[in-house]
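Coordinate inspection notes
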Amino acid sequence: MAGGNERSTKALKEVWKRAENSLCADCGKPDPDWASSTLGVFICLSCSGIHRNIPSISKVKSLKMDYWDDAQVQFLAKHGNAVTKAVYEAHIPIYYYQPTYNDCQVLREQWIRAKYERKEFTEPGKQLPYSDGVKEGILWKRGRDNGQFLPRKFLLSEREGCLKYFTKQDAKEPKINVKIDVINATFQPEKIGNPNGLQITYLKDNKTRNIFVYHESGKEVVDWFNAIRSVQFHYLKVAFPIASDNEIKNRLTRNFLKEGYMEKTGPKQREAFKKRWFTLDHRRLMYFKDPLDAFAKGEVFVGSGENGYSVQKGLPSGTQGNFSWHYGITIVTPDREYLFTCETEADQLEWIRAFTSVINQAMTPQEYAIEAYFKFKS
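Each value, and the rule that gives it
- Residues numbered from 1 in each chain as written.
- Predicted model: local features only at pLDDT ≥ 70, side-chain atom pairs only at ≥ 80, totals over all residues.
- Heavy atoms only, no water.
- UniProt positions renumbered as here; feature names shortened; annotations may be inferred.
- Pairing = 2+ DSSP bridges.
- Helix = DSSP H or I, 4+ residues; strand = E, 2+ residues; numbered from the N terminus.
- Axes fitted to C-alpha atoms, helices over the stretch in contact; angles between N-to-C directions.
- Domains from an automatic or database assignment.
- Core = buried A, V, L, I, M, F, W, Y, C linked by side-chain atoms within 4.5 Å.
- Buried < 20%, exposed > 50% of the residue type's maximum accessible area, 1.4 Å probe, protein only.
- Contact = heavy atoms within 4.5 Å.
- Phe/Tyr/Trp six-rings, centres within 6.5 Å; stacked < 30°, edge-to-face > 60°.
- Lys NZ or Arg CZ within 6 Å of the ring centre and 35° of its normal.
- Parallel < 35°, antiparallel > 145°, perpendicular 65-115°, else oblique.
- Left-handed = near helix turned anticlockwise from the far one by under 90°.
- Nonpolar A, V, L, I, M, F, W, Y, C, P; charged D, E, K, R; others polar.
- Expected span 1.5 Å × (residues − 1).
- Polar contact = N/O pair within 3.5 Å; in protein donor to acceptor, adjacent residues only side chain to side chain.

An unreviewed UniProt entry lists the protein under the name ADAP1 protein, from Leucopsar rothschildi. The UniProt entry for the protein carries this comment under Subcellular location (unreviewed entry): "Cytoplasm".

**Focus: the sheet that holds strand 9 (residues 198-204)**
What the seven strands build is an open sheet, ordered 7-6-5-4-10-9-8; its pairing is antiparallel. Because the sheet does not close on itself, it has two edges, and the strands there are strand 7 (176-179) and strand 8 (183-187). Sheet twist, expressed as the mean angle between neighbouring strand axes with direction ignored, is 35°. Relative to strand 6 (residues 162-166), strand 5 (residues 149-157) runs antiparallel, the two sharing five bridges. Bridging across to strand 6, Lys153 finds its partner in Phe166.

**Details of the domain arrangement of the protein**
Accessible area lost during the coming together of the parts is what is often quoted as the interface size. Each assigned domain of the protein is listed with its residue range as follows: domain 1 (8-117), domain 2 (134-250) and domain 3 (258-376). The C-alpha centroid of domain 3 is placed 41 Å from the C-alpha centroid of domain 1.

**Let's talk about the nonpolar core**
Within the largest apolar cluster, 55 residues are counted, with the highest numbers of intra-cluster contacts made by Ile43, Leu156, Ile183, Phe187, Leu198 and Ile200. Examining the composition of this core, we find that nine residues originate from one element, helix 7 (residues 218-239), more than from any other. Residue contacts for Leu198: discarding those within four places in its chain leaves Ala185, Thr186, Phe187, Gln188, Ile192, Ile211, Phe212, Val213, Val221 and Phe225. One finds Leu280, Val300, Tyr338 and Ala354 within the second-largest nonpolar core, a separate group that totals 22 residues.

**A look at the packing of aromatic side chains**
Under the defined criterion, the tally for this structure stands at 20 aromatic pairs. Aromatic side chains Tyr95 and Phe233 sit 6.5 Å apart centroid to centroid with 45° between the ring planes, which places their arrangement in the tilted category. Taken together, the residues Tyr95 in the loop between helix 4 (80-88) and helix 5 (105-117) and Phe233 in helix 7 connect sequence positions 138 residues apart. Neither residue differs from the other here; Tyr95 and Phe233 are each classed as buried. With a centroid separation of 5.6 Å and 75° between ring planes, the pair formed by Tyr97 and Phe225 is classed as edge-to-face. Here Tyr97 is found in the loop between helix 4 and helix 5, whereas its partner Phe225 is found in helix 7, with 128 residues between them in sequence. Here Tyr97 and Phe225 have matching classes, each one buried. Each residue in the set Tyr95, Tyr96, Trp111, Phe121, Tyr130 and Phe233 is aromatic and connected to the rest through ring pairs, giving one cluster. Sitting over the ring of Tyr261, Lys275 keeps its end group 4.4 Å from the ring centre.

**Considerations on the UniProt feature "domain: Arf-GAP" (unreviewed entry) in the protein**
Per the UniProt entry, the sites bearing "domain: Arf-GAP" (unreviewed entry) are residues 6-129 in this numbering. Taken end to end, residues 6-129 is 40% helix and 6% strand, and its two terminal C-alpha atoms sit 48 Å from one another.

**As for the packing of helix 2 (residues 45-52) against helix 5**
Across the interface, helix 2 lies against helix 5 with an axial gap of 10 Å and an inter-helix angle of 55°. When the interaxial angle is binned, helix 2 and helix 5 end up oblique. Here helix 2 runs over helix 5; the crossing is right-handed. For the pair helix 2 and helix 5, the contacting residues are Ser46, Cys47, Ile50 and His51 in the first and Gln105, Arg108, Glu109, Ile112 and Tyr116 in the second. Residues belonging to the contact of helix 2 with helix 5 are distributed by class as follows: four nonpolar, three polar and two charged.

**As for the pairing of strand 13 (residues 284-288)**
Most of strand 13 is tucked away: five of the five residues are buried. Of the two faces of strand 13, the one holding Arg284, Met286 and Phe288 and the one holding Leu285 and Tyr287 are both buried throughout. In this structure, strand 12 (residues 274-281) lies alongside strand 13, joined through five bridges in antiparallel fashion. Within strand 13, the residue paired with Asp281 across the bridge is Arg284.

**Some remarks on helix 7**
Helix length check: helix 7, at 22 residues, gives a terminal C-alpha distance of 32 Å against a target of 32 Å (1.5 Å per residue), a fit within 8%. One side-chain oxygen at the N-terminal end of helix 7 lies 3.3 Å from the backbone nitrogen of Lys219; it belongs to Ser217.

**What to know about the sheet that holds strand 14 (residues 298-301)**
One open sheet holds the seven strands; their spatial order is 14-13-12-11-17-16-15, and the pairing between them is antiparallel. With one partner strand each, in any of the chains shown, strand 14 and strand 15 (310-313) form the two edges of the open sheet. Across this sheet, the average inter-strand angle for adjacent strands is 35°, counted without regard to direction. Here strand 15 pairs with strand 16 (residues 327-332) via four bridges, running antiparallel. Across the sheet, Lys313 pairs through a bridge with Ile329, a residue of strand 16. The sheet contacts of helix 9 (residues 345-359) involve strand 11 (258-264), strand 12, strand 13, strand 15, strand 16 and strand 17 (337-342), and relative to strand 15 the element is tilted by about 160°.

The structure is reproduced here in structure tokens:
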């Protein structure tokens, strides 16, 4: 801590050490070492950069390197994360996605701006741009075949329980009409190549279909994301009236457990290994020729350990297929083994951890039905 008298430095350390201030107020990252002298919250370096972009609301300083005068320290002591959260996070809708430090920039920035700049959660029953059960607007959508992003009209309707998009502004019939309960949405800025890139995934005939979209406005694309969660939440409340709010919240949009390249061989285990992009979406392991493919080339169901599924490090001895990567993984199912190779040992261990986390979970009745479909299909 640069400068300041010994008394204020000691007081600052004491406030900083409070349990409530041990995590970033905005993303939950441990050991924040920055704070807002105007809001009274302790935040991490990454979130401090977002605060710095809204100087009319928040003035940030380093707790280690900057000078804090007595009045500023007293302000921090009077506020802190708990008091400030009680004001700015008083009425967050249960479906609203609260990002963590692992989430992308646009989600974290819009969360911070929603709290402190727009004050969306300070009053009960406030009308929010993602809460009225319908949203219509233009999103830039990637073409399935040509890869070009073109403006398309999207319509989300709670009353109809669906998401639609139209190839033309004045089109009467939508290109797709997807039930809200089979939709997932997850931010993919790196994959899509746009900081506001959103991947919308849905099931059609029990097969996964991907749509890649973005909007120039970070606020608008995050509003779309939370509008989808809002409509899903209210739809599921009707469909499952005895389920608790938290149970329903856990069934809303989800991030993929793991994505990346691996090599795979065919069922005979003698074919050459081919490089594919893999996505693990809970119990669905999908593989694509290209990360931005609309349809998966294939899917593997990953069940639970008690149902005969396991993951093993390495490949079976005598594996004959040619492979260029040497860090193998074997997924054992009741019907067959699936063989993969990773480029690095770090990739191999990350994939094994992801598979293990899924295999260690008991299966739900719905997942038994999905497993039966996969077995029937094969």
